[in-house]
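# Examining the three-dimensional arrangement
Read off the chains here:
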Amino acid sequence: MINLVLFGKPGAGKGTQANFLKEKYDLKHISTGDVFRFNIKNGTELGTLAKSFIDKGELVPDQVTIDMLNAEVEKNPEAKGFIFDGFPRTNAQAEALDCLMEGKNMMIHATIALEANDEILIERLLERGKISGRSDDQDESKIRNRFEEYNEKTAPLIEFYKSQGKFHSVDGIGSIEEITGRLSKVIEALQ
Ligand code: ADP
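Anyway, here's the lowdown on the structure attached to this text. (Residues numbered from 1 in each chain as written. Predicted model: local features only at pLDDT ≥ 70, side-chain atom pairs only at ≥ 80, totals over all residues. Heavy atoms only, no water.)

## Some thoughts on the pairing of strand E4 (residues 110-115)
Extensive coverage of E4 is indicated by the burial of 5 of its 6 residues. Relative to strand E5 (residues 167-171), E4 is paired through 5 bridges, and the arrangement is parallel. Bridge assignment links Ala-113 to a residue of E5, and that residue is Ser-169. (Buried < 20%, exposed > 50% of the residue type's maximum accessible area, 1.4 Å probe, protein only. Helix = DSSP H or I, 4+ residues; strand = E, 2+ residues; numbered from the N terminus. Pairing = 2+ DSSP bridges.)

## Concerning helix H7 (residues 140-154)
The terminal C-alpha atoms of H7, which comprises 15 residues, lie 20 Å apart, in line with the 21 Å expected from a rise of 1.5 Å per residue. Among the residues of H7, Lys-142, Ile-143, Arg-146, Phe-147, Glu-149, Tyr-150 and Thr-154 are the ones counted as buried. Along the long axis of H7, the arc covered by the buried residues comes to 155 degrees, so they all point the same way. In H7, the exposed positions that point more than 90 degrees away from the buried face belong to Ser-141, Glu-148 and Glu-152. Buried residues belonging to H7 abut strand E1 (4-7), helix H6 (118-132) and helix H8 (157-163). (Expected span 1.5 Å × (residues − 1). Arc of directions from axis to C-beta. Contact = heavy atoms within 4.5 Å.)

## Some details on the nonpolar core
Counting 23 residues, the largest nonpolar core has Ile-112, Leu-183 and Ile-187 as the members making the most contacts within it. Elements supplying a minimum of two residues to this core: E1, helix H1 (14-25), E4, H6, H7 and helix H9 (176-190). Take this core: its biggest share by element is 4 residues, from H9. For Ile-112, the residues in contact, after removing those within four places along its chain, are Val-5, Leu-6, Phe-7, His-168, Val-170, Leu-183, Val-186 and Ile-187. Judged by nonpolar contacts, the second largest core, of 22 residues, contains Phe-82, Ala-96, Leu-97 and Met-101. (Core = buried A, V, L, I, M, F, W, Y, C linked by side-chain atoms within 4.5 Å.)

Put into structure tokens, the structure is as follows:
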């Protein structure tokens, strides 16, 4: 079993890469952003709550996100492993994830960050916003707020995973295939 955290700022390419890696390594991909958007689309209570934060470029509160993630893992008891995309984003979430893994005799094997600079990321997100219609991608001030949230709440997790000896980073600039290749190298060196 292999459990990975894909890490990086908004627009770094986590979702795109997770879609390739899940096929290549037969893993279940859990994207917290996708689960929130699914709930928003279906008008659930969770969706309504999440929307009020997402539309401002803020993080959804920890407990809501942690409970949702737990439920997603429990829906997949047969999975050969997971790719967590967009989770954890805070210290409390990282600790909750370790707890969840421990309770199931599982562990996070590696956290892999996709690196790219802010100007490129903003360009990518504004492009994505035109196609996807995602409201949080269409407004530069919301995007900047997401970067601030990342710098303040998520970046400290680099140290959290470094102290566990699990942090890896790859250059997130290049073709999609090139980047999949870089990630695959890290994953294969774990086995
Ligand atoms: P991106 O990483 O490109 O910003 P996501 O689809 O991963 O896009 O997330 C979109 C939004 O969903 C985030 O800006 C945040 O509001 C919410 N969200 C996603 N994951 C989490 C999380 N782990 N904790 C809190 N909020 C989250």
